[in-house]
Protein chains: 2
Amino acid sequence: MSDRSRRIPEATVARLPVYLRSLAELLEDKTATVSSERLAEMAGVNAAKVRKDLSYLGSYGTRGVGYDVEYLAFQMSRELGLTHDWPVVIVGAGNLGQALANYGGFKERGFPVAALVDADRAKVGQLVHGVPVHHLDELPVLKERLGIAIGIIATPAVAAQDVADALAEAGIGSILNFAPAVISVPEGTSLRKVDLALELQILSFYQEHRDTEGV
Amino acid sequence: MSDRSRRIPEATVARLPVYLRSLAELLEDKTATVSSERLAEMAGVNAAKVRKDLSYLGSYGTRGVGYDVEYLAFQMSRELGLTHDWPVVIVGAGNLGQALANYGGFKERGFPVAALVDADRAKVGQLVHGVPVHHLDELPVLKERLGIAIGIIATPAVAAQDVADALAEAGIGSILNFAPAVISVPEGTSLRKVDLALELQILSFYQEHRDTEGV
DNA sequence: CGGGCTTTGTGAACATGTGCACGTGTTCGG
DNA sequence: CCGAACACGTGCACATGTTCACAAAGCCCG
Ligand SMILES: NC(=O)c1ccc[n+]([C@@H]2O[C@H](COP(=O)([O-])OP(=O)(O)OC[C@H]3O[C@@H](n4cnc5c(N)ncnc54)[C@H](O)[C@@H]3O)[C@@H](O)[C@H]2O)c1
Ligand SMILES: NC(=O)c1ccc[n+]([C@@H]2O[C@H](COP(=O)([O-])OP(=O)(O)OC[C@H]3O[C@@H](n4cnc5c(N)ncnc54)[C@H](O)[C@@H]3O)[C@@H](O)[C@H]2O)c1
């Protein structure tokens, strides 16, 4: 991956944040360098995979030594676009939306919740943990004013597609969907989903098969 | 996949719940049969993939017609082990744990929250949305008494590995981890994770690359 | 009852992801 | 200065997943 063959595989992209978290731990321990072996252990993957993944970022390691923790962390942050904050908007100020707004972990990792948005006029104007609730119609304005590039969908499933459309319309190109619904977004928009019930069902599958076949 | 070649690929397992949700919608609409084409559209995937996925369950379709919605839904539920409830225990009665306990969507989908567990004695004995909080030590007892097979980790990251160990020790073979930490579990235990910050970082990657290269 | 239409089920090609094995550069002790 | 230990970077083989394309099967209708 000598120089500009900059097409990082999806599977690798999904692991970079895990490596980065491990590097952050090492930084706290004042560890200067780390081997692929050690990093692999911390990230719960295979060492060869770590080396291959990191090689997509460039040749930042030193043979016989390992990787400089700080430098690697910097390069990785840069690649992930984490050198600046990404304000997010949460759509749906219900149970989940409020819980997420309450959660400090996002700001800490560079994703401050800049605004909440809801279709329910009764909720508009409220403050949730210091974050103001706006009306859905204000999305475009909020996007421009606050520089929002990421939207989180925390509405009931039926509204999810409409919200996604509104987000895309407003020029918000990255969407994280919590609603248990399949939604489609225009070309050029990134979509990821978190579906808890789905995860439980997958667990159920393997559990059931262990229980019945496993005997 | 004629008969007993019962080794369903992981990628397929992860899609089955999505199909099932689509089938549930069709059932509500009183739709009797569905083609792979239509199901693919609803599930947001390719039709060939739907057919291949379903073929792992058996030959439940009828050429020229499609799949009987009710029958397929039944077979799929059976395969996923959703013909009975799976009581879950949530470990960590904090922000997230309480929000999850409050959420009705789990019970509705067959995953009733049977108990909350926490290490903090001050929280033990409380009721959260009708769910009692027990002490971590009671895990084995709860597991037996309530028939719990699935544990959800909603503690701070530092405690996650300890909790996973306690769950495994108690004989709980399926774990869903919300803490941003890599944890390892013994052979024969299923582990899935939900990491919101990680998802946002992945979105950040693609957004950044669109913003910079895309121009 | 047969021909045409529809839609499944699957073999095969292709794409993506993983892991081994090893060449190569680096360090360090003697 | 040399050799041994170390650890990266990557070619290659293998595994898994996706998509195409088409024969076979069932339905409908005349
Ligand atoms: N609460 C949880 O712990 C949890 C867990 C997993 C998944 N979810 C999913 O998250 C979503 C939200 O769950 P919740 O418990 O917060 O629901 P909720 O009913 O408490 O909140 C939904 C909010 O969305 C708002 N809303 C509805 N339509 C809207 C629209 N078109 N535009 C903007 N806002 C709109 C409502 O006014 C309400 O404030 C659901 O899809 C649910 O399945 C929730
Ligand atoms: N709150 C959110 O919206 C949110 C979102 C994403 C991820 N998370 C993650 O979920 C986890 C929990 O977050 P939270 O906001 O609920 O934290 P919290 O501090 O509110 O709650 C943590 C709970 O875990 C309990 N606990 C601590 N150690 C324990 C142990 N060894 N055994 C049992 N219980 C123990 C604590 O007593 C506390 O009740 C964190 O890892 C966080 O990063 C939370």
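This one's a predicted model, so the numbers in the text were calculated from it and none came from an experiment.

(A) Region of interest: the interface of chain B and chain A. Across the boundary between the two partners, chain B contributes 59 residues, which contact 59 residues of chain A. For the pair chain B and chain A, the summed buried surface comes to about 5400 Å²; carbon and sulfur atoms form 64% of the total. Three residues stand out in chain B for area buried against chain A, namely B:Leu200, B:Gln201 and B:Leu203, and they jointly supply 12% of the buried area on that side. Inspection of the region where chain B meets chain A yields 4 salt bridges. Among the salt bridges present, the one from B:Arg192 reaches A:Glu199, with a minimum N-O distance of 2.3 Å. Connecting chain B to chain A are 28 residue pairs in polar contact (both at pLDDT 80 or more). No other element matches helix α9 (residues 196-213) of chain B, which puts 17 residues into the side of chain B that touches chain A. Here the side of chain B that touches chain A is composed, by residue class, of 33 nonpolar, 14 polar and 12 charged.

(B) A look at helix α5 (residues 95-102) of chain A. Within α5(A), burial applies to A:Gly97, A:Leu100 and A:Ala101. What you see down the axis of α5(A) is that its buried residues fit within an arc of 100°, all on one side. Summarising the contacts, the buried residues of α5(A) are in contact with β4 (88-91), α6 (105-108), β5 (113-118), β6 (127-128) and β8 (150-153) of chain A together with α9 of chain B.

(C) Broad picture of the packing of aromatic side chains. Residue and element names in this part refer to chain A. Summed over all chains, the structure comprises 6 aromatic pairs over all chains. For the pair Phe 205 and Tyr 206, a centre-to-centre distance of 5.0 Å together with 90° between the ring planes defines the contact as edge-to-face. Residue classification places Phe 205 among the buried residues on the basis of a relative accessible area of 3%.

(D) Representation of the packing of helix α1 (residues 10-28) of chain B against helix α3 (residues 47-55) of chain B in the model. Residues and elements named next belong to chain B. Where α1 meets α3, the closest approach of the two axes is 10 Å, and the angle between their N-to-C directions is 105°. Relative to α3, the element α1 is oriented roughly perpendicular. Contacts between α1 and α3 involve Thr 12, Arg 15 and Tyr 19 from the former and Lys 49, Val 50, Asp 53 and Leu 54 from the latter. A class-by-class count of the residues in the contact of α1 with α3 yields 3 nonpolar, 1 polar and 3 charged.

(E) Main features of the site of ligand 2. Close to ligand 2 lie 23 residues; A:Tyr103, B:Leu96, B:Asp118, B:Lys123 and B:Thr155 are nearest. The separation between an oxygen atom of ligand 2 and a polar main-chain atom of B:Leu96 is 2.7 Å. Residue B:Asp118 places a side-chain N or O atom 2.6 Å away from an oxygen atom belonging to ligand 2. Out of a free accessible area of 820 Å², ligand 2 has 80% covered by protein chains. Among the secondary structure elements, those contributing two or more residues to the shell around ligand 2 are α5 (95-102) and α8 (157-169) of chain B. It is α8(B) that contributes the most residues to the shell around ligand 2, 3 residues altogether. Among the residues making up the shell around ligand 2, the classes are represented as 16 nonpolar, 4 polar and 3 charged.

Calculation criteria
Residues numbered from 1 in each chain as written. Chains lettered and ligands numbered in written order. Predicted model: local features only at pLDDT ≥ 70, side-chain atom pairs only at ≥ 80, totals over all residues. Heavy atoms only, no water. Contact = heavy atoms within 4.5 Å. Buried area = accessible area lost by both parts, 1.4 Å probe. Salt bridge = Lys/Arg side-chain N within 4 Å of Asp/Glu carboxyl O. Polar contact = N/O pair within 3.5 Å; in protein donor to acceptor, adjacent residues only side chain to side chain. Helix = DSSP H or I, 4+ residues; strand = E, 2+ residues; numbered from the N terminus. Nonpolar A, V, L, I, M, F, W, Y, C, P; charged D, E, K, R; others polar. Buried < 20%, exposed > 50% of the residue type's maximum accessible area, 1.4 Å probe, protein only. Arc of directions from axis to C-beta. Phe/Tyr/Trp six-rings, centres within 6.5 Å; stacked < 30°, edge-to-face > 60°. Axes fitted to C-alpha atoms, helices over the stretch in contact; angles between N-to-C directions. Parallel < 35°, antiparallel > 145°, perpendicular 65-115°, else oblique. Near = heavy atom within 4 Å. Areas by Shrake-Rupley, 256 points an atom, 1.4 Å probe, with all protein chains shown as cover.

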